[in-house]
Amino acid sequence: MKFRDACTNPLRRTLLAALAGMALALAGCTSTGGSAATTGQPPKNIIILFADGAAPVQWDFGRYSSTVLRHQPFATTDTVFREGALGLLSTYPHGGYVTDSAAAASAMSTGYKVVNGAVSITPDGMPQRTVMQAAKAAGKRIGLVTTATVYDATPAAFSLNAKSRRDSQALVDQYFALEPDVLMGGGADHFLPAGQTGGKRKDGKDVVAAFAAKGYTVVRDTAGLKAASGPRLLGLFADEDMDFELDRDAAKEPSTAEMAGAALKVLAQASPNGFVLLVENENVDTAGHRNDAASLMHALWAFDDAVKVALDFQRRHPDTLLIVTGDHETGGFSPTYALKDLRSLSSKNRFYPGDEQLRMLGRITMSLGMAGEKLGKKPSAEALDKLLEKNFPGFKLDPDLRELILASKTRERNFTYTPQNALGRMVARQTGYYWGTSGHTPEPVAVGAIGPGAELFRGYQDNTDFGKHLHRLIQGK
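The structure presented is a predicted model; accordingly, all values stated were derived computationally and were not measured. (Residues numbered from 1 in each chain as written. Predicted model: local features only at pLDDT ≥ 70, side-chain atom pairs only at ≥ 80, totals over all residues. Heavy atoms only, no water.)

### What to know about the pairing of strand E7 (residues 275-281)
Here is step 1 of the chain: Most of E7 sits inside the fold, with 7 of its 7 residues counted as buried.
Here is step 2 of the chain: Alternating residues of E7 divide into Phe275, Leu277, Val279 and Asn281 and Val276, Leu278 and Glu280, and every residue in both groups is buried.
Here is step 3 of the chain: Bridging between strand E1 (residues 45-51) and E7 involves 6 bridges; their strand directions are parallel. Counted as the bridge partner of Ala51 is Asn281 from E7.
Here is step 4 of the chain: The sheet contact formed by strand E3 (residues 141-149) and E7 spans 6 bridges and is parallel. For Val145, the partnering residue across the bridge sits in E7 and is Val279. (Buried < 20%, exposed > 50% of the residue type's maximum accessible area, 1.4 Å probe, protein only. Helix = DSSP H or I, 4+ residues; strand = E, 2+ residues; numbered from the N terminus. Pairing = 2+ DSSP bridges.)

Shown next as structure tokens:
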């Protein structure tokens, strides 16, 4: 059939239109995102998987590194982004271009822009309804999981309201009033009174005991989490942030996937109206701040393991909307080709990051954050050499970087983590995994969605649109 004939013959036009419609229908049946998104029914459950600090370059690094080093598919890119609806979000805050986590999460939670540092309160001083407040009002169960402190910017902005993200004790008090069905992460310090181990509360209250009195199962380690049962769960696994994967004691701190699985188990109980669950891996962001490519890689793997847990739940409960996203990009992560050394500017002296350089990252056994703790504020040359030899095999520290580390100094105004940024530059010079900053950038973030309502998140949108869509879906519209 010639194209001209097909276009000019009415019968053929009708036939082609019917075939095209059938093809689209079949494509919708085979695509998880498409079929679920076209049912017209609002989701009963919403799972938001949130990698703080992740933008498209981080996601692709997760895919590449997981393929080469773990020999495993990366579910975020290979399933959620490929099969579901895929979009981009701008990230700017009120009155600025580069956001902090509180302003970004607030916009994604409430649908309103706020200034950096504010927690779901607009510049006029008005608290806006958060995703978790809306879900609770709709009769849904709610849960929050994070590797940061539970009162950190992202979980707080998705749940609470405060003029400042630094009001840690007040944020914990708001959690006590909100009564989420699941609350897990670090941050036991502001649940416990000063005087108790790790406690920092100034009012003498033991909020852990108060949660227990409300009927919460309280767990403090991995074994406790695995044994937990009941309809309400408080898990506090560290006094402050939980550890990087490279440093994590698996007996003390559960993985992101283990926390996600436990949260889904609790929330699925007695939930006729469904639930909303936020699962955040904060270590992606912290690794970016410290220019720690190895820790970033492991954090992305840990996050993706949680995505796999959520995907399994979504397949068994197709009335669930699963969303994977981040709030902003951290570190200006920019893997690139580079000179092997400064002896020649010739392209013959250039290397391109590949499997060999990635395997160098894979041999690193300590996060840069832990390296900084081990070295202390006044590191000695001997301690530095021993630490590098043991934990960074094959890496050579150039004299200029050694000088910065031993003096605890920086030479750039946008690199403020010492000695981590200097160690990150050491890794970059030999692997090509460079960083542009130790802060955030305005790069748009990706959002992928599978399930009822997924199509709302397709295309280029603002982060406030993300929040508006969530509120619409929670209200059943």
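### Quick word on the environment of Glu240
Here is step 1 of the chain: The topology assignment puts Glu240 in the loop between strand E6 (233-236) and helix H12 (256-267).
Here is step 2 of the chain: As for Glu240 and His190, which are separated by 50 residues in sequence, their C-alpha atoms are 8.9 Å apart.
Here is step 3 of the chain: Engagement of the side chain of Glu240 in a polar contact is seen with the side chain of Lys200, the distance being 2.8 Å. (Polar contact = N/O pair within 3.5 Å; in protein donor to acceptor, adjacent residues only side chain to side chain.)

### Points about helix H17 (residues 381-391)
Here is step 1 of the chain: Within H17, the full set of buried residues consists of Leu384, Leu387, Leu388 and Asn391. Axial view of H17: buried residues confined to an arc of 95 degrees, hence all on one face. Facing away from the buried surface of H17 by more than 90 degrees, the exposed residues are Glu382, Lys386, Glu389 and Lys390.
Here is step 2 of the chain: Close packing links the buried residues of H17 with helix H16 (368-375), helix H18 (399-407) and helix H19 (420-431). (Arc of directions from axis to C-beta. Contact = heavy atoms within 4.5 Å.)

### Focus: helix H4 (residues 56-70)
Here is step 1 of the chain: Between its terminal C-alpha atoms H4 stretches 20 Å, which fits the 21 Å expected from 15 residues at 1.5 Å a residue.
Here is step 2 of the chain: Every buried residue of H4 is accounted for by Gln58, Trp59, Phe61, Gly62, Ser65, Ser66, Val68 and Arg70.
Here is step 3 of the chain: A positive phi of about 55 degrees marks His71, the residue just after H4. (Expected span 1.5 Å × (residues − 1).)

### Re the pattern of salt bridges
Here is step 1 of the chain: Summed over the entire model, instances satisfying the criterion amount to 22 salt bridges.
Here is step 2 of the chain: One salt bridge connects Asp462 with Lys113, and the closest N-O pair in it is separated by 3.1 Å. Residue Asp462 is found in strand E16 (residues 459-462), and its partner Lys113 is found in the loop between helix H6 (101-110) and helix H7 (131-137); the two are separated by 349 residues along the sequence.
Here is step 3 of the chain: It is possible to trace a salt-bridge network through shared partners that takes in Asp100, Asp152 and Arg165. (Salt bridge = Lys/Arg side-chain N within 4 Å of Asp/Glu carboxyl O.)

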